[in-house]
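Next come the chains, spelled out residue by residue.
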Amino acid sequence: MASDFRKNPVRVSCFECPLRKKKHFRPFTGEELDFVSHFKRGELNADAGAAVLVEGSHSAHLYTLLEGWAFRYKILEDGRRQILNYAVPGDMVGLQGAVMAEMQHSVEALTPVTLCVFERKRLFQLFEKHSGLGFDLTWLAAREESILDEHLLSVGRRTATERAAYLLAFLFERGRNAGLLDDDRRHVPVTQMHVADTLGLSIVHTNKTLKKLSERGLIQWLDRGCEIVDPQGLQDVASWKPDDRTVRPLI
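Report on the accompanying structure. (Residues numbered from 1 in each chain as written. Predicted model: local features only at pLDDT ≥ 70, side-chain atom pairs only at ≥ 80, totals over all residues. Heavy atoms only, no water.)

## Some points on the pattern of salt bridges
Our working rule: We define a salt bridge as a side-chain nitrogen of Lys or Arg found within 4 Å of a carboxyl oxygen belonging to Asp or Glu. The helix count covers DSSP runs of H or I at least four residues long, the strand count covers runs of E at least two residues long, and both are numbered beginning at the N terminus. Only protein chains enter the area calculation, which uses a 1.4 Å probe; residues under 20% of their type maximum are buried, those over 50% are exposed, and those in between are partly exposed.
Across all of its chains, the model carries 15 salt bridges by this definition. Of the charged contacts, one joins Asp197 and Arg81 as a salt bridge, the two residues approaching to 2.8 Å between their closest N and O atoms. Taken together, the residues Asp197 in helix α6 (residues 192–199) and Arg81 in strand β6 (residues 81–87) connect sequence positions 116 residues apart. A relative accessible area of 13% places Asp197 in the buried class. Each of Arg26, Glu32 and Asp136 takes part in one network of salt bridges that share partners.

Below you can see the structure in the form of structure tokens.
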């Protein structure tokens, strides 16, 4: 295992998980919490830029992001990359590989991350013995599909400025719900290359587009990341509103 990817025993007990204290996540029943605590086999720490999962690989595990930011992507043979979505604490990654035998995309750490490690072979026990958790997994998969629908709409029909505004508003909302961002913490850790690879634009076009948002006072671009100055203004430019449902599953 590479030096930027380290496996550790369980350090954060499911019973003391800091994510469970956030109102954004639905509470477990006692039986569900006991099952998940045994389902979890350890934790992984990865540095920014580390490959958490690789397209085409087989993994005996799936993961829930506990700390940090990550992103999912596919890459063409010539190296061109399309970022599909971003992951924040509480998001599960690797479910596709657990169900379809191999990964159809890759996952990279955007910042230093910690992930909870779960045994793939026990996934079916979850469906057999805990229908509520089984529904939660189905909800998470359906939610991912819904997000990708919005991303596809953005890439296909929004203007470049609208696309960029949507992406940054979306990332701010995801970070806020996960407890990474708030009114005082507004730094989204993406580079302009990440933005370009998400929006399907050249880096030059991306730079010009982000400059327009900056000139409107909506964002402030930093050396490595973006400060969200006016989240509502970004939503208005993109004609997008976040999902106002506040409670979601956590595995």
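That was the structure; now back to the text.
## Details of helix α7 (residues 203–215)
Stated formally: Multiplying 1.5 Å by the residue count of a helix minus one yields the expected span of that helix. Residues count as neighbours in contact if any of their non-hydrogen atoms are within 4.5 Å of one another.
When the terminal C-alpha atoms of α7 are compared, their 18 Å separation across 13 residues agrees well with the 18 Å that a helix rising 1.5 Å per residue should span. Looking at the buried positions of α7, the neighbouring elements they touch are α5 (160–177), α6, β11 (219–222) and α8 (231–238). The first or second residue beyond α7 is Gly217, which carries a positive phi of 80 degrees.

## Description of the nonpolar core
Nonpolar side chains tend toward joint burial in soluble globular proteins. Worth spelling out the cut-off: Residues belong to one nonpolar core when they are buried, are Ala, Val, Leu, Ile, Met, Phe, Trp, Tyr or Cys, and are joined through side-chain atoms within 4.5 Å.
The biggest cluster of nonpolar side chains holds 35 residues, and the ones touching the most others in it are Tyr86, Leu168, Leu171, Leu213, Ile219, Ile228 and Leu234. Those elements that place two or more of their residues in this core are β5 (70–75), β6, α5, α6, α7, β12 (225–228) and α8. Not counting chain neighbours up to four residues away, the residues in contact with Ile219 comprise Leu168, Leu210, Leu213, Ser214, Cys226, Glu227, Ile228, Val229 and Leu234. Counting 22 residues, the second-largest nonpolar core is a separate cluster that includes Cys14, Leu95, Cys116 and Phe118.

## Topic: helix α4 (residues 131–157)
Taking 1.5 Å per residue as the helical rise, α4 with its 27 residues ought to reach 39 Å, and the 39 Å between its terminal C-alpha atoms agrees with that figure. For α4, the set of buried residues is Leu133, Gly134, Asp136, Leu137, Leu140, Ile147, His151 and Ser154.

## Let's talk about a nonpolar patch on the surface
This is how it is decided: Candidates for patches are residues over 30% relative accessible area with no salt bridge; among them, like charges are joined within 9 Å and nonpolar side chains (Val, Leu, Ile, Met, Phe, Trp, Tyr) within 5 Å. Here, Shrake-Rupley sampling with a 1.4 Å probe gives the accessible areas, and only protein chains in the shown set may cover a residue.
Nonpolar side chains collect at one region of the surface, where Met193, Ile203 and Val204 lie side by side and expose about 250 Å² of accessible area between them. In this structure, Met193 sits in helix α6. Taking relative accessible area as the criterion, Met193 reaches 40% and is therefore assigned partly exposed.

## Some thoughts on the side chain of Arg248
The condition is simple: In protein, a polar contact requires one atom able to donate a hydrogen and another able to accept it; more generally it is a pair of N or O atoms within 3.5 Å, and residues adjacent in sequence count only if both atoms are side-chain atoms.
Examined against the element boundaries, Arg248 turns out to sit in the segment after α8. Reaching out from Arg248, the side chain makes a polar contact with the backbone oxygen of Gly90 at a distance of 2.9 Å. Once residues within four sequence positions are removed from consideration, Arg248 is found in contact with His24, Phe25, Arg26, Gly90, Asp91, Trp139, Leu140 and Arg174.

## A few points about empty space enclosed by the protein
Here is the rule we go by: Here a cavity is any set of points on a 1 Å grid over the protein atoms alone where a 1.4 Å probe fits but cannot get out, and a pocket is any open set with protein on both sides within 12 Å along at least 5 of 7 lines; a residue lines the site when it has an atom within 4 Å of a point. Grid points are joined across faces, edges and corners, and a volume is the space filled by probe spheres set on the points. Under the grouping applied here, Gly and all other residues not named as nonpolar or charged are polar, the nonpolar ones being Ala, Val, Leu, Ile, Met, Phe, Trp, Tyr, Cys and Pro and the charged ones Asp, Glu, Lys and Arg.
Per the stated rule, a full pass over the model turns up 2 cavities of 30 Å³ or more. The volume enclosed by the largest cavity comes to roughly 240 Å³. For the largest cavity, the lining is made up of 17 residues, of which His24, Arg143, Arg174, Asn177 and Arg248 are closest to its centre. Taken together, the elements giving at least two residues each to the lining of the largest cavity come down to α4 and α5. Per element, the largest residue contribution to the lining of the largest cavity is 4 residues, and it comes from α5. In terms of residue class, the lining of the largest cavity is made up of 9 nonpolar, 2 polar and 6 charged. One number sums up the size of the second largest cavity: a volume of about 120 Å³.

The values reported here are purely geometric and, on their own, carry no functional implication.
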